[in-house]
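Structural characterization, general
Chain by chain, the residues run as shown.
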Amino acid sequence: MKINFTIHFFLILLFISHNSYNQERIVIEGSVVDEYDIEVPYAAVGIIKKNIGVTSTEDGTFSFYVSNNELDDLLQISSIGFETYKVKIKDFIYGDKKIILAEKVSSLEGVVVSTPLNNVKLAFKQIKENFISNTHQLDILYRRWDVEEKICRYFIEHYLTVVERGPPSMFRRYSLRESRNSADYRYIKNNAKTHPIENTVWMNPIRNGASIRSMKWNKIDVTNYDDEDLIVYEGVSDTETIKLFIGFDTNKIYRVERSWKPTVGKSQNGIWIYKKNAKGKLYLSYHQREWIGARKLSQKLKNLLLSNGKKAPNFVPVEFRHELFVVGLKENKKDFDDFDETTERMDMSLYKIPYNHNFWKSFSLPPETNYFKKNKNELESIFNVSLENQFKYSN
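Read on for a plain summary of the structure. (Residues numbered from 1 in each chain as written. Predicted model: local features only at pLDDT ≥ 70, side-chain atom pairs only at ≥ 80, totals over all residues. Heavy atoms only, no water.)

1. Things to note about the nonpolar core
Core analysis: the largest hydrophobic core is formed by 53 residues, its most contacted members being I140, I197, I206, L244 and I253. Among residues more than four places away in sequence, those in contact with I206 are F124, I127, F131, P167, P168, L244, I253, V256 and Y274. Counting residues in each nonpolar core, the second largest holds 22 residues, with L141, W145, A183 and Y185 among its members. (Core = buried A, V, L, I, M, F, W, Y, C linked by side-chain atoms within 4.5 Å. Buried < 20%, exposed > 50% of the residue type's maximum accessible area, 1.4 Å probe, protein only. Contact = heavy atoms within 4.5 Å.)

Rendered as structure tokens:
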């Protein structure tokens, strides 16, 4: 009798536990398009008052988890150039998963800006006021693709937590939590001296003290974001171009674009997207950058290629593409994760962390974009090994 009671009690607990887990993880996924069914990239999608949400991919798709506690909350979708869209979470779950944003024309059309540099300087002056300046934690998914001769030969992604104070300061600390990578088919292993998360900061014009005075600034466009008119300013120098999307009323910088001539390589460009927290302060939500150049082949590699009947060029065209998604924001220090700071500075491919299949299976990954699928197919076609098996056996 006691045994039966124990079994029944265990089964009840198991059922409750399983049921509770399912209730707490409700996937919110869909796509954002305009009125012509063209995808809207980098839209802020989430529950603003609870700092829950993500940024849509370059294909306009999104995916994240909520719990039953959020069913009556508002899902808000905001993107530069469009009306903000709002819908209850529970209505979205049972409704159309395609969000159609209506274009919004700025009321600043025709407005002449006589002193662009002064407006840019004012926006920089108010950075600390307009961004989260208190210590906070960002949960980040960081990806890198290594492309040689137009074919992806290596892919790696890290999940890490960062403790920082927002611009203009630099990242204070970061902790590498999880890692996975493909098989390594690269001819040239171009290892950086530090984790590229640090480059995300010092390459950002609003964090590295960009010399805005030495650039020629012009107003090039007007648009809007979340019911605020924006002016797009472009600064040009001999070596770089910077675009800033600045709020007309608040001087908030919602988007940064930079293209420049790197010390080594042909070209480099990057974008930084910011969105609001529950108090209207800005924080980083998405970043992407790309370096294009070439790397010299060693004589050893040349001989190997020649011995296999292949051509052995002196240089190989190389591209590195980085992508960063902020998947979580914590502002209360009591909610911060236990922090084991990563102190070793080296290329992200050199950190050795065992592949945690269960973590990546349960993690809310961004939907696969066309770019992701293209590189995935290229990696799998080299030796006909699935990317999942590469993750499993290469880590």
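2. Thoughts on the sheet that holds strand β5 (residues 74–78)
Whenever strands of a sheet pair, they do so through backbone hydrogen bonds, lying parallel or antiparallel. Strand order in the open sheet formed by four strands is β3-β2-β5-β6, and the pairing between neighbours is antiparallel. Because the sheet does not close on itself, it has two edges, and the strands there are β3 (52–55) and β6 (85–88). Within the sheet, the average angular offset between the axes of one strand and its neighbour, ignoring direction, is 15°. Relative to β6, β5 runs antiparallel, the two being bridged by four bridges. Along β6, the bridge assignment pairs L75 with V87. (Pairing = 2+ DSSP bridges. Helix = DSSP H or I, 4+ residues; strand = E, 2+ residues; numbered from the N terminus. Axes fitted to C-alpha atoms, helices over the stretch in contact; angles between N-to-C directions.)

3. Things to note about the packing of aromatic side chains
Counted by the stated rule, this structure contains 18 aromatic pairs. Considering the side-chain rings of W145 and F155, the 5.2 Å spacing of their centres and the 35° angle between planes classify their relative orientation as tilted. Note that W145 is positioned in strand β8 (residues 136–148) and F155 in strand β9 (residues 151–164), a separation of 10 residues in sequence. Ring geometry for W360 against F363: centres 6.0 Å apart, planes inclined by 75°, an arrangement best described as edge-to-face. Under the relative-accessibility criterion, W360 is labelled buried at 4%. With a relative accessible area of 14%, F363 lands in the buried category. An aromatic cluster of three or more residues is present, and its members are W145, F155, Y355, Y371, F372 and F391. Stacked on the ring of F245, the Lys or Arg R255 has its end atom at 5.5 Å from the ring centre. (Phe/Tyr/Trp six-rings, centres within 6.5 Å; stacked < 30°, edge-to-face > 60°. Lys NZ or Arg CZ within 6 Å of the ring centre and 35° of its normal.)

4. Some remarks on the pairing of strand β14 (residues 253–260)
Most of β14 sits out of view: seven of its eight residues are buried. Here seven bridges tie strand β13 (residues 240–247) to β14, and the two strands are oriented antiparallel to one another. Counterpart to L244 in the pairing with β14 is V256. Between β13 and β14, which follow one another and run antiparallel, lie five residues, and N251 among them has a positive phi close to 65°. Pairing geometry for β14 and strand β15 (residues 267–276), over six bridges, is antiparallel.

5. Some points on unusual backbone geometry
A cis geometry characterises the amide bond from P167 onward to P168, with omega recorded as 5°. In this fold, P168 is placed in the loop between β9 and β10 (173–181). Backbone geometry places D226, a non-glycine residue, at a positive phi of 50°. Within the secondary structure layout, D226 lies in the loop between β11 (216–225) and β12 (228–236). For D226, a relative accessible area of 18% gives the class buried. Positive phi is not limited to glycine here, since N384 has a value of about 55°.

6. Observations concerning the side chain of T57
Its location among the elements puts T57 in the loop between β3 and β4 (61–66). Of the polar contacts made by the side chain of T57, one reaches the side chain of T61; its length is 2.8 Å. Dropping the residues within four chain positions of it, T57 is found in contact with V40, P41, Y42, F325, P366, P367 and T369. (Polar contact = N/O pair within 3.5 Å; in protein donor to acceptor, adjacent residues only side chain to side chain.)

7. Comments concerning a positive patch on the surface
Judged by side-chain charge, K128, R165, R172, R173 and K333 come together as a positively charged surface patch. In this structure, K128 sits in helix α4 (residues 127–130). (Patch = residues over 30% accessible without salt bridge, like charges linked within 9 Å, V, L, I, M, F, W, Y side chains within 5 Å. Areas by Shrake-Rupley, 256 points an atom, 1.4 Å probe, with all protein chains shown as cover. Salt bridge = Lys/Arg side-chain N within 4 Å of Asp/Glu carboxyl O. Lys, Arg positive; Asp, Glu negative; His and termini not counted. Charge placed at Lys NZ, Arg CZ, Asp CG, Glu CD.)

8. Focus on the environment of E35
Positionally, E35 belongs in the loop between β1 (26–33) and β2 (44–47). The exposure class assigned to E35 is exposed, which follows from its relative accessible area of 53%. Separated by 169 residues in sequence, E35 and N204 place their C-alpha atoms 33 Å apart. Discounting chain neighbours no more than four positions away, the residues touching E35 are I100, L101, A102 and E103.

9. Examining helix α8 (residues 370–383)
Along an α-helix, residues three or four positions apart point the same way, because every turn accommodates 3.6 residues. The complete set of buried residues in α8 reads Y371, F372, N375, E378, L379 and E380. Tucked into the core, α8 has its buried residues touching β8, β9, β17 (315–330) and α9 (387–394). Immediately beyond the C-terminal end of α8, within one or two residues, lies N384, with a positive phi of roughly 55°.

10. Overview of the sheet that holds β1
The strand order β4-β1-β7 describes an open sheet built from three strands, whose pairing is mixed. Each having just a single partner strand, β4 and β7 (98–100) make up the two edges of the open sheet. Adjacent strand axes in the sheet meet at a mean angle of 35° when their direction is disregarded. Summarising the sheet, β1 and β4 pair through six bridges and their orientation is antiparallel. Along β4, the bridge assignment pairs I28 with F64.

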